[in-house]
Amino acid sequence: MGERWWRQAALAAVTGATLMVTSFCLDAGPATAEAQSSSAQGPLPTLPTVPTLPSPSLTVSLPPVKPPKVTLPPIKPPTVKPPPIPSATASTRPTAPPATVPPTSGKLPRVGVPAPPSADGPMVSPESAPALIAGDPGADLYPQPPVDAAVTPQARQVAALSDVEHRIQYLENVLARTRDDLTRVQRGPDPVLHLLMSLTAGGDADASPFAVADSADVVDTPTGRAVALSGAISSGQAELIRRRTEEARLRQEISRRVRTVPAVAAPARTVATVGEGRLGRPLSGRLTSRYGTRFDPYYHVWQLHAGVDLAAPIGTPILAAADGRVSRAGWYGGYGNYTCIDHGRADGQRLSTCYGHQSKLMVSPGQRIRAGQVIGLVGSTGASTGPHLHFEVRLGGRPVDPLPWI
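Report on the accompanying structure.

**Considering the overall build of the protein chain**
Right, on to step 1. Check the secondary structure of the protein chain and you find six helices and 12 strands.
Right, on to step 2. A buried classification covers 38% of the 406 residues belonging to the protein chain.
Right, on to step 3. Considering only contacts in the protein chain between residues 6 or more positions apart, those separated by 24 or more positions represent 70%.
Right, on to step 4. Counting every atom, the protein chain has about 24,300 Å² of accessible surface; 62% of that belongs to carbon and sulfur.

As structure tokens, this is what we get:
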């Protein structure tokens, strides 16, 4: 068995060697024949040498490439539209601030505070008047013409009167509001407050039920608020009495000088005059309201009544009080149709007369006027509650009592 295997392996090896020799002869045969043929023909001729040409170096120069310029549009911030302002209604209308203690010393409020609307524009409405006065108790709801500089003793006296009258207006408005606040507090269910009121009712007039404020802290209770409000009222009333006394003294001194002022050129003597007046009476109507601070019947707040009211039917002719030149003729806020005439100088100051609430104007600014000339007709325009003439006398643009002048 082993011998047989060895014979097969030897036979396979001889067969493989024979195949390898045969393959080598087949591959080398053609090349050997070609070599034998070349040596029989002789050596091959030498080919000329081709010079080696230098290979040119190709250099390509490209222009520099610039990056394109890109311009971006400016970035705008987003527009934020504000919310619409709600219209003024009963719910958004400003309310009066809480009452404060009226000052008893210091500087007087500014004189001639103009009304919030423009002087020649629409008049203040009765609905907005309380809110305006709550914000500034000394504000004028009627427009105020320009005033001259107070450079003479007489002019300074008239200016002092104007200051005092506006202070009185301020105090009256503050006191009216404080009294309303006290009334609301007293209606509250506070047994201490009601006991205090009952113990002091009908007692000594000089005894004050609010003396407890000196020995106890005023707390935020109805009783404490009543004490503070009552103290403010007492203080304001005391100053109001002083101011009224000062006003009466100044008005008396100014009126006394009127008798020494020469008569204005050609007063309207065709109309009945009062006493030894320097001016003619503009009409013969009945006196219904005097000059001074009053509770305004149209606005229902305290205002300075800068003239006198003379009742007359609508259409009654209004006569110029003296010769002069018209300085104003047209609508003037709460005065309605309003005319002012300059008459020159008197008592060292510019003298003028003004006529309000007319139904018809019959003169124009710059026109020369003769005493007794019809300048308009009685009406009820502006802040008026009925037909009448509102008549003013002004020195240096400041109002004074007209009665001593007519």
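Okay, back to it.
**Looking at unusual backbone geometry**
Right, on to step 1. For His300, which is not glycine, the phi dihedral falls at a positive 60°.
Right, on to step 2. Topologically, His300 is positioned in the loop between strand S2 (292-295) and strand S3 (302-305).
Right, on to step 3. Note on His300: relative accessible area 52%, which makes it exposed.
Right, on to step 4. Phi angles above zero are rare outside glycine, and His357 is one such case at about 65°.
Right, on to step 5. Along the chain, the position of His357 falls in strand S8 (residues 349-361).

**A look at the environment of Leu403**
Right, on to step 1. Among the structural elements, Leu403 can be located in the segment after strand S12 (398-400).
Right, on to step 2. Overall, the relative accessible area of 23% leaves Leu403 in the partly exposed class.
Right, on to step 3. A C-alpha to C-alpha distance of 9.9 Å links Leu403 and Phe391, two positions 12 residues apart in sequence.
Right, on to step 4. Setting aside residues no more than four positions away along its own chain, Leu403 makes contact with Leu287, Arg290 and Val308.

**Regarding the pattern of salt bridges**
Right, on to step 1. Evaluation of the coordinates by the stated rule reveals 15 salt bridges.
Right, on to step 2. Two residues, Glu253 and Arg249, come together in a salt bridge whose shortest N-O distance is 3.4 Å. One end of the pair, Glu253, and the other, Arg249, are both in helix H6 (residues 222-258), four residues apart, so they sit about a helical turn from each other.
Right, on to step 3. Residue Arg249 is classed as partly exposed on the basis of its relative accessible area, which comes to 41%.

The rules behind the values
Residues numbered from 1 in each chain as written. Predicted model: local features only at pLDDT ≥ 70, side-chain atom pairs only at ≥ 80, totals over all residues. Heavy atoms only, no water. Helix = DSSP H or I, 4+ residues; strand = E, 2+ residues; numbered from the N terminus. Buried < 20%, exposed > 50% of the residue type's maximum accessible area, 1.4 Å probe, protein only. Contact = heavy atoms within 4.5 Å. Areas by Shrake-Rupley, 256 points an atom, 1.4 Å probe, with all protein chains shown as cover. Salt bridge = Lys/Arg side-chain N within 4 Å of Asp/Glu carboxyl O.

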